[in-house]
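Overview (structure and organization)
Each chain is listed here by its residues.
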Amino acid sequence: MNDYRVTEAGLRIRTALRQMLGTVESSHWVTLNFHSDKSPRHAEAALRLWSLDVISRIFRGAVFAEIPLAKLFSFVALPEDTRSDHPHYHLLLWLHPDRRDWFARCADRFWRRIVPSGTSDVQLIGATDIDHAKVITYGTKHANRPFSYDNFITSNMLYLPEFVG
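Residues numbered from 1 in each chain as written. Predicted model: local features only at pLDDT ≥ 70, side-chain atom pairs only at ≥ 80, totals over all residues. Heavy atoms only, no water.

**Describing the overall build of the chain**
Convention followed: Strands here are runs of E lasting at least two residues and helices are runs of H or I lasting at least four, both read from the DSSP assignment and numbered beginning at the N terminus. Should any heavy atoms of two residues lie within 4.5 Å, those residues are counted as being in contact. Accessibility throughout is a Shrake-Rupley quantity obtained with a 1.4 Å probe, and a residue counts as covered only by protein chains that appear here.
Along the chain, the regular secondary structure elements total six helices and five strands. Secondary structure elements of the chain occur, N-terminal to C-terminal, as α-β-α-α-β-β-α-β-α-α-β. If you take every contact in the chain between residues at least 6 apart in sequence, the share linking residues at least 24 apart comes to 76%. Roughly 9000 Å² of accessible area belongs to the chain as shown, and the carbon and sulfur atoms make up 55% of that amount.

**A short note on helix H2 (residues 40-58)**
Counted only if it meets this: Given the number of residues in a helix, its expected span is that number minus one, multiplied by 1.5 Å. Buried means the residue's accessible area, taken with a 1.4 Å probe over protein chains only, is under 20% of the maximum for its type, while exposed means over 50%, and partly exposed covers the values in between.
Look at H2: 27 Å from first C-alpha to last across 19 residues, which is about the 27 Å you get at 1.5 Å a residue. Those residues of H2 not exposed but buried are Ala43, Ala46, Leu47, Arg48, Trp50, Ser51, Asp53, Val54, Ile55 and Ile58. Residues of H2 that are buried in the fold lie against strand S1 (28-33), helix H3 (69-72), strand S2 (73-81), strand S3 (87-95), helix H4 (100-114) and strand S5 (153-154).

**Notes on the environment of Leu91**
Considering the arrangement of structural elements, one finds Leu91 in strand S3. The exposure class assigned to Leu91 is buried, which follows from its relative accessible area of 0%. For Leu91 and Phe152, which are 61 residues apart along the polypeptide, the C-alpha to C-alpha distance reads 9.8 Å. Every residue in contact with Leu91, bar those within four places of it in the chain, is listed here: His28, Trp29, Val30, Leu32, Leu47, Trp50, Phe75, Val76 and Ala77.

**Overview of the packing of aromatic side chains**
Filter applied, for reference: Here the aromatic set is Phe, Tyr and Trp, taking the six-membered ring for Trp, and pairing holds for ring centres within 6.5 Å; pairs whose planes are under 30 degrees apart are stacked, those over 60 apart are edge-to-face, and all others are tilted. Two conditions define a charge located above a ring, namely a distance within 6 Å from the ring centre to NZ of Lys or CZ of Arg, and an angle within 35 degrees of the ring normal.
Following the criterion strictly, the structure yields eleven aromatic pairs and no others. Here Trp50 and Phe103 contribute two aromatic rings whose centre-to-centre distance is 6.1 Å and whose plane-to-plane angle is 65°, an arrangement assigned as edge-to-face. A residue pair is termed long-range when its members are at least 10 positions apart, and Trp50 in helix H2 and Phe103 in helix H4 qualify at 53 residues. When its relative accessible area of 1% is taken as the criterion, Phe103 is described as buried. Both rings, one in Phe59 and one in Phe64, keep their centres 5.2 Å apart while their planes meet at 85°; by these two values the pair is edge-to-face. Taking the relative accessible area as the measure of exposure, Phe59 reaches 9% and is therefore buried. One aromatic cluster is present, built from ring pairs that chain together Phe34, Trp50, Phe73, Phe75, Tyr89, Phe103 and Trp111. One cation-aromatic arrangement involves Lys141 over Tyr138; the distance from NZ or CZ to the ring centre is 3.4 Å.

**A word on the pattern of salt bridges**
The test is simple: Salt-bridge detection follows one rule: a side-chain nitrogen of Lys or Arg within 4 Å of a carboxyl oxygen of Asp or Glu.
This structure, assessed with the given rule, holds five salt bridges. Here Arg48 and Glu44 are joined by a salt bridge, their closest N and O atoms 3.2 Å apart. Taken together, the residues span about one helical turn, with Arg48 and Glu44 both in helix H2 at a distance of four residues. Looking at Arg48, the relative accessible area reads 14%, which means it is buried. The salt bridge involving Asp53 is made with Arg113; its shortest N-O contact spans 3.7 Å. With Asp53 in helix H2 and Arg113 in helix H4, the pair connects residues that are 60 residues apart, well separated along the chain. Judged by its relative accessible area of 45%, Arg113 falls in the partly exposed class. Here the salt bridges share partners, and the residues they tie into one network are Asp53, Arg57 and Arg113.

**A short note on the sheet that holds S3**
Where strands meet in a sheet, backbone hydrogen bonds hold them as pairs that are either parallel or antiparallel. Note the threshold: Note on pairing: DSSP must find at least two bridges between two strands before they are called paired. Between N-to-C directions, angles cover 0 to 180 degrees, with each direction set by a line fitted to C-alpha atoms, over the stretch in contact for helices.
The strand order across the open sheet formed by five strands is S4-S1-S3-S2-S5, and the pairing between neighbours is antiparallel. In this open sheet, the two strands that pair with only one neighbour each are strand S4 (119-124) and S5. Summarising the sheet, S2 and S3 pair through nine bridges and their orientation is antiparallel. Residue pairing across strands places Glu80 opposite His88, the latter belonging to S3. Each of S1, S2 and S3 touches helix H5 (residues 129-139); the most contacted strand, S3, lies at about 155° to it.

This is the structure we're talking about:
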């Protein structure tokens, strides 16, 4: 069972996280569900595999070879637990415009290959500041709890040796 206590520090962390996310460019709102028990370590490993699968499949080819990964695909993943103690992630995700349609069609298939019990939902974020604020507010609704603020992940953390365990 995860720690659901709300503290003053947690409320300040949630506010700071919302401010930071407001500066992050994002094109999609993605939810990745497990529908099964997973430890934070196992959930992160599945997220890493899904991310690497997406990158290797949709950005192969010479046209993308010289573009930095952060300009092609990046995200901030915010963990949340359901009442049945099954984790899921909300992702504010950036995807290169040339691959958005393809991603929307394939992301769920890639997730189910890694997490057979899982489901996903991929939505384009509207163009307005209000659209972005709504997904940030929803995605951080539990970011005042230690489980959430201790375990949020940025995509680059999944590929750096000091974070891969």
